[in-house]
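Descriptive structure summary
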Amino acid sequence: MRSELAGVARGRVIAITGSGGVGKSSLIGKLIGVIRGNQLRVAVLACDPQSPLTGGALLGDRIRMSPTEPDDGVLIRSFATAGGHQAIIPDLDVMSSLLFAYGFEVVILETVGAGQGDTAVRDLADTVVVLLQPESGDELQWEKAGVLEIADVVVINKADLPGAEATAAQVAALLNLPGCRQIPIQRTSPARNEGIEELWELLEKLPSHTTAGH
């Protein structure tokens, strides 16, 4: 299958990752609207928690990101993701290639709530977006530093909550040290529909790892 898809024109694969409850699905739902507003077809492959009862995907997140009106330019699929698989399912690369073959131009990969070592999505995406939410002082979850290291963009989501500015400053101090790769930081608020278009503009400007030779 992989060899048969080798010649398929490739669009952009964007991974959205971060800890559970940080608002990945809500942000993706808003991003879908912006991407469709730019006349691009978008597919979302959501790695959802696995139900302990049925073994299937828990679909609450999919409901939050689905468009309110039917749209042939949007496809959303949820996949049950068992523990111990680095917050993703196997063969996401093949699925992305198939979606490009069927005319989708942007594929968004949503991970299950990711921990420090869940960095495998780096190898599947052109751009990795790591979400954090406002915390205060030492309560900021610096144990996610392993995930932060793979970020192309860090998003302070739910930026309408107190502490967003301080969190952004702390992350900037951690990541953007002299001589290191500069990582942009964007604040977003899906609840207020703020920062979403700016995030998409930022993602469009970033070179993909494919074209950049990564």
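Residues numbered from 1 in each chain as written. Predicted model: local features only at pLDDT ≥ 70, side-chain atom pairs only at ≥ 80, totals over all residues. Heavy atoms only, no water.

1. Side note on the overall build of the protein
This is how it is decided: A run of DSSP states H or I qualifies as a helix once it reaches four residues; a run of E qualifies as a strand once it reaches two. Both are numbered from the N-terminal end. Accessible area is worked out with a 1.4 Å probe on protein chains only. A residue is then buried under 20% of its type maximum, exposed over 50%, and partly exposed in between. When checking whether two residues touch, look at their non-hydrogen atoms; a contact exists if any pair is within 4.5 Å. All accessible areas in this document rest on Shrake-Rupley with a 1.4 Å probe, and a residue is counted as covered only by the protein chains that are shown.
Check the secondary structure of the protein and you find 7 helices and 7 strands. When the elements of the protein are put in sequence order from the N terminus, they spell out β-α-β-α-β-α-β-β-α-β-α-β-α-α. Taking all 214 residues of the protein together, 44% fall into the buried category. Put simply, 77% of the contacts in the protein that link residues at least 6 apart link residues at least 24 apart. Working note: accessible area of the protein is about 10,500 Å², and carbon and sulfur atoms make up 51% of it.

2. Let's talk about the pairing of strand E5 (residues 127-132)
If a strand is regular, its side chains alternate between the two faces of the sheet. The condition that has to hold: Whether two strands pair depends on DSSP finding at least two bridges between them.
With 6 of 6 residues buried, E5 lies mostly within the body of the structure. In E5, alternate side chains face the same way, and those of Thr127, Val129 and Leu131 on one face and Val128, Val130 and Leu132 on the other are all buried. One ladder, built from 5 bridges, connects strand E1 (residues 12-18) with E5; its direction is parallel. Residue pairing across strands places Thr17 opposite Val130, the latter belonging to E5.

3. With respect to unusual backbone geometry
You will see that Gln39, though not glycine, has its phi angle at about 60 degrees, which is positive. Structurally, Gln39 is set in the loop between helix H1 (24-37) and strand E2 (42-49). By relative accessible area, which is 63% here, Gln39 ends up exposed. A positive phi angle is found at Lys158, which is not glycine, with a value near 55 degrees. When you line up the elements, Lys158 lands in the loop between strand E6 (153-156) and helix H5 (164-175).

4. Topic: the pattern of salt bridges
As a reminder of what qualifies: Salt bridges, as used here, are contacts in which a Lys or Arg side-chain nitrogen is within 4 Å of a carboxyl oxygen on Asp or Glu.
Tallied over the full model, the rule gives 3 salt bridges. Taking the shortest distance from any N to any O, the salt bridge between Arg36 and Asp71 comes out at 2.9 Å. Remark: Asp71 occurs in the loop between helix H2 (60-65) and strand E3 (74-81) and Arg36 occurs in helix H1; sequence separation between them is 35 residues. On the basis of relative accessible area, Arg36 is assigned to the partly exposed category, the value being 24%. Arg181 is paired through a salt bridge with Asp152; the nearest N and O atoms lie 3.4 Å apart. Taken as a pair, Arg181 in the loop between H5 and strand E7 (185-187) and Asp152 in the loop between helix H4 (145-148) and E6 lie far apart in primary sequence, 29 residues in all. Residue class for Asp152 comes out buried when judged on its relative accessible area of 11%. Put simply, Arg122, Asp152 and Arg181 are held in one network by salt bridges that share partners.

5. Notes on the nonpolar core
Most often, soluble globular proteins have nonpolar side chains that are buried together. In plain terms, the rule: In this description, a nonpolar core means a group of buried Ala, Val, Leu, Ile, Met, Phe, Trp, Tyr and Cys residues linked to one another through side-chain atoms lying within 4.5 Å.
Val107, Leu109, Val154 and Ile156 are the most contacted members of the largest nonpolar core, which totals 29 residues. Mapped onto this core, the elements with two or more residues apiece are E1, E2, helix H3 (92-101), strand E4 (106-110), E5, H4, E6 and H5. Residue contributions to this core peak at 4 residues, all from H5. Beyond its immediate sequence surroundings of up to four residues, Leu109 is in contact with Val13, Ile14, Ala15, Ile16, Leu45, Leu92, Ser96, Val121 and Leu124. Judged by nonpolar contacts, the second largest core, of 25 residues, contains Leu31, Val34, Ile35 and Ile108.

6. Overview of the environment of Ile150
Here Ile150 lies in the loop between H4 and E6. Sequence spacing of Ile150 and Val121 is 29 residues, and the spatial spacing of their C-alpha atoms is 9.0 Å.

7. What to know about the confidence of the model for the protein
Which entries qualify depends on this criterion: Confidence scores per residue from the predictor, reported as pLDDT, run from 0 to 100.
Per-residue confidence for the protein gives a mean pLDDT of 78, with 70% of residues at or over 70. Throughout residues 51-57 the model reports pLDDT below 50, and contacts reaching past four residues in sequence, or to other chains, amount to 12 contacts. Scored below 50 in pLDDT, residues 210-214 shows 4 contacts in the model against residues more than four places distant or in partner chains.

8. Quick word on helix H6 (residues 196-205)
Under the convention used in this document: As used here, the arc is the angular range of directions from the helix axis to the C-beta atoms.
Taken together, the buried positions of H6 are occupied by Ile196, Leu199, Trp200 and Leu203. Seen end-on, H6 carries its buried residues on one side only, within an arc spanning 100 degrees. Relative to its buried face, H6 has exposed residues pointing more than 90 degrees away, namely Glu197 and Lys205. Here the buried face of H6 lies against E1, H1, E4, E5, E6 and E7.

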